[in-house]
Amino acid sequence: MKVGLVNPNQTLVKIGVLGVSTVYYNFSTPALVELSLRRGEGTVGPGGSLLVSTGKCTGRSPDDKFIVDESPAADGVCWEGNSAMPEDDFETLRRDMFAHLRGRDCVVQDLHCGADPAYRINVRVITSLAWHGLFIRHLLRRVDAAGLMAFVPDCTVVNCPEFEADPSRHGCNSDVVVAMSFERRMILIAGTGYAGEIKKSIFSYLNYTLPELGVMPMHCSANHATGDPNDVAVFFGLSGTGKTTLSADPRRTLIGDDEHGWSDNGTFNMEGGCYAKTLHLDPVTEPDIHAATRKFATVIENMVCDPDTREPDFDDDSITANMRCAYPLEYITSASATGLAGQPRHIVMLTCDAFGVLPPIARLTPAQAVYHFLSGFTSKAAGTERGVVEPQPTFSACFGAPFMPRRPDVYGRLLGKRIASSGASCWLVNTGWTGGAYGEGSRLPIDTTRRLLSLVLDGTLERAAYRKDDKFKFSVPVSVAGVDNVLLRPRDTWPDAAAFDRQTAKLLRMFSANFAKYDSCVGQDVLAEKLVDC
């Protein structure tokens, strides 16, 4: 047996996993790479990266995610947006998965989630794939030797990609299942090799526990001015809206690219790594992320590569549009060493508008910020979920509804309090389409988005002249130096103004219908910002 610490098999016996053959316990990054290669789980890519396939699942499986309906945790769960699994079905699934592990090898990683020690949790990840161990070692925060000796998990994840769930036996929908028990502090994942399920299930766990501590969990990236950790910007958004790309700014220090908490202490990264989309990755516009794909142990998922040179083709999405790479934060030259910073000064909500009617940037009042946060209007990016093959307009509450176990207004109230106490400026940034809807218009230039954000962060846009949009109520800059100002007037970018008006009316109706469910749980200031059909 490979032993990292004293009798690692005991860590599995304690939770009922018996008879495991070999336990690879807290292996280092090089050792996990070697183990992955020895077991035939991947191949070596440029710079010593690890090229892997996730199998049939190349994105998350939201229809296969469940929360155990157990008391008292059930009282805090929003069952309107989350599927319930009876306790008996979870117990059957747990027993069957643990029986499946008998006689097999397991990879165990003990890690922290949360850079702030006041809110950090210990996470134990048990999986049958070495590269999954490497992935989560990149994505969470490593524990020092002294910490490992005293490690007691607050949450345990058991991941068996090769185990197929049985809907008739386990109360699920398919052979894929992600089941979370808050009372048992355990997450079970089966039937999928997509590693993103591990990280997002842990994020979901924290999204349940942190609000009780007064901490605002955020599906966002974050950075701060170099040399000034109190000049913080956070970027809310679903996958594919630009969270990773726009926060990786060489002029600023990256706190993290996906998951953060906002407490009285300030902003903290939950993770210790990045999980970046690589489709059309450009070494000029995204140099740090591109460079990370050529570094040792970076996990590269589902990319088409040259069979001889192993060079990845960033433009070939024949496997999936959701091809990705996972790497530790230190691979980004401007990354924070601590993952800690002050209170946010700027809140940016990234929306990928596939209707093509929103401006590239708009200034929001605090009440408008809460309104748009609860609305979460954006588009699901192709490939991020099973069955999504092109951008799909959606309302994803809190810009992360699949990961939010509690009612959205719980997070909305927390955000409103945090904005009020910090005085942060609030912005809505469209990274989607202009000149027409998806399939007719064009994607807003990333250089334009970066220019506008740089002017937000240095305070220039605060001093700009604005017009109030009579349909969406937010304020839009009249002109911005260095930006094609026609983009600030979306109607003028369309060849058919009447078609733009029809599309706008359609979107306004969708906003109004979606927000109706929050009418009874938000303040009058937020209700006053409701959008209505013109």
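Residues numbered from 1 in each chain as written. Predicted model: local features only at pLDDT ≥ 70, side-chain atom pairs only at ≥ 80, totals over all residues. Heavy atoms only, no water.

Chemist: What am I meant to see in the nonpolar core here?
Modeler: In summary, soluble globular proteins display a tendency toward joint burial of nonpolar side chains. With 121 residues, the main nonpolar core has Phe236, Ile347 and Met349 as its most contacted residues. Residues Val17, Cys160, Val177 and Met186 belong to the second largest nonpolar core, which totals 26 residues. (Core = buried A, V, L, I, M, F, W, Y, C linked by side-chain atoms within 4.5 Å. Buried < 20%, exposed > 50% of the residue type's maximum accessible area, 1.4 Å probe, protein only.)

Chemist: Can you help me understand helix H7 (residues 196-209) in this one?
Modeler: Residue pairs three or four apart in sequence face the same way in an α-helix, which turns once every 3.6 residues. For H7, spanning 14 residues, the distance from its first C-alpha to its last is 20 Å, which sits close to the expected 20 Å at 1.5 Å a residue. Taking burial as the measure, the 14 residues of H7 include 13 buried ones, the bulk of the element. (Helix = DSSP H or I, 4+ residues; strand = E, 2+ residues; numbered from the N terminus. Expected span 1.5 Å × (residues − 1).)

Chemist: When you look at the sheet that holds strand E3 (residues 50-52) in this model, what are you seeing that I'm missing?
Modeler: Whether parallel or antiparallel, the strands of a sheet pair through hydrogen bonds between backbone atoms. Sheet architecture is open: five strands sit in the order E2-E3-E18-E19-E17, paired in mixed fashion. One side of each edge strand has no neighbouring strand; the edge strands of this open sheet are strand E2 (42-44) and strand E17 (273-277). Averaged over neighbouring strand pairs, the angle between their axes works out to 20 degrees when direction is ignored. Strand direction decides the pairing type here: E2 and E3, joined by three bridges, are antiparallel. Directly across from Gly42, in E3, lies its bridge partner Val52. Packed onto the sheet, helix H2 (residues 29-38) meets E2 and E3 and runs at close to 115 degrees relative to E2. (Pairing = 2+ DSSP bridges. Axes fitted to C-alpha atoms, helices over the stretch in contact; angles between N-to-C directions. Contact = heavy atoms within 4.5 Å.)

Chemist: Even after reading the chapter, I still don't get the pairing of strand E21 (residues 344-351), so can you show me in this structure?
Modeler: For E21, the tally of buried residues reaches seven of eight residues, placing the bulk of the element in the interior. With six bridges connecting them, E21 and strand E25 (residues 425-430) associate as parallel partners. Residue pairing across strands places Met349 opposite Leu428, the latter belonging to E25.

Chemist: Got a minute to help me understand unusual backbone geometry in this structure?
Modeler: Note: most peptide bonds trans; most residues except glycine with negative phi. Of note, the bond from Ser71 into Pro72 is cis; its omega dihedral lies within 30 degrees of zero at 5 degrees. Counting through the fold element by element, Pro72 comes out in the loop between strand E4 (65-69) and strand E5 (83-86). In this structure, Asn26 is a non-glycine residue whose phi angle is positive, near 50 degrees. In this fold, Asn26 is placed in the loop between strand E1 (23-25) and H2. Using a relative accessible area of 16% as the deciding quantity, one classes Asn26 as buried. Of note in the backbone geometry, Ala297 takes a positive phi value of approximately 75 degrees without being a glycine. Mapping Ala297 onto the fold places it in the loop between helix H9 (287-292) and strand E18 (299-301).

Chemist: Explain the pairing of strand E19 (residues 324-328) to me, please; I cannot follow it from the model alone.
Modeler: As a general feature of sheets, a regular strand has side chains that alternate between the two faces. Among the five residues of E19, five are classified as buried, and the element is accordingly described as predominantly covered. Because side chains alternate across E19, one face comprises the buried residues Arg324, Ala326 and Pro328, and the other comprises Cys325 and Tyr327, equally buried. Direction of pairing for E18 relative to E19: antiparallel, over a ladder of three bridges. Counted as the bridge partner of Ile300 is Cys325 from E19.

Chemist: Would you explain the packing of aromatic side chains in this entry?
Modeler: Describing an aromatic ring pair means giving the distance of the ring centres and the angle of the ring planes. Inspection of every chain in the model, using the stated rule, returns 19 aromatic pairs. Aromatic side chains Tyr194 and Tyr275 sit 6.3 Å apart centroid to centroid with 45 degrees between the ring planes, which places their arrangement in the tilted category. On the criterion of sequence distance, the pair formed by Tyr194 in the loop between strand E11 (186-190) and H7 and Tyr275 in strand E17 is long-range, its members being 81 residues apart. Summarising the burial analysis for this pair, Tyr194 and Tyr275 share the class buried. Ring geometry for Tyr371 and Phe511: centres 6.2 Å apart, planes at 20 degrees, overall stacked. With Tyr371 in helix H10 (residues 366-375) and Phe511 in helix H14 (residues 497-515), the pair connects residues that are 140 residues apart, well separated along the chain. For the pair Tyr371 and Phe511, one class covers both residues: buried. (Phe/Tyr/Trp six-rings, centres within 6.5 Å; stacked < 30°, edge-to-face > 60°.)

Chemist: Sorry if this is basic, but what is going on with the side chain of Asn207 here?
Modeler: Residue position: Asn207 is located in helix H7. Look at Asn207 and you get buried, because its relative accessible area is 0%. Within the local environment of Asn207, its side chain forms a polar contact with the backbone oxygen of Phe403, the two atoms lying 2.7 Å apart. If sequence neighbours within four positions are ignored, Asn207 has contacts with Pro217, Phe403, Met404, Pro405, Arg406 and Tyr411. (Polar contact = N/O pair within 3.5 Å; in protein donor to acceptor, adjacent residues only side chain to side chain.)

Chemist: Help me understand the packing of H10 against H14, please; the structure alone is not making it clear to me.
Modeler: For any two helices packed against each other, one specifies the crossing angle of their axes together with the interaxial distance. Their axes nearest at 10 Å, the elements H10 and H14 cross at an angle of 85 degrees. What the angle tells us is that H10 and H14 run roughly perpendicular. For the pair H10 and H14, contact is made by Tyr371, His372, Leu374 and Ser375 and by Phe511, Asn514 and Phe515, respectively. Here the residues of the contact of H10 with H14 are counted per class, giving four nonpolar, three polar and no charged. (Parallel < 35°, antiparallel > 145°, perpendicular 65-115°, else oblique. Nonpolar A, V, L, I, M, F, W, Y, C, P; charged D, E, K, R; others polar.)

Chemist: Any chance you could explain the pattern of salt bridges here in plain terms?
Modeler: A pair can form between side chains of opposite charge whenever their charged atoms are brought close. Scanning the model with the defined rule gives 29 salt bridges in all. Where Arg169 meets Asp96, a salt bridge forms, and the shortest distance between an N and an O atom there is 2.5 Å. One end of the pair, Arg169, is in helix H6 (residues 167-170); the other, Asp96, is in helix H3 (residues 87-100), and 73 residues separate them in sequence. According to the relative accessible area criterion, Arg169 is partly exposed, its value standing at 43%. Among the salt bridges present, the one from Lys243 reaches Asp258, with a minimum N-O distance of 3.3 Å. Taken as a pair, Lys243 in helix H8 (residues 243-247) and Asp258 in the loop between strand E14 (252-256) and strand E15 (259-263) lie far apart in primary sequence, 15 residues in all. Here Lys243 and Asp258 have matching classes, each one buried. (Salt bridge = Lys/Arg side-chain N within 4 Å of Asp/Glu carboxyl O.)

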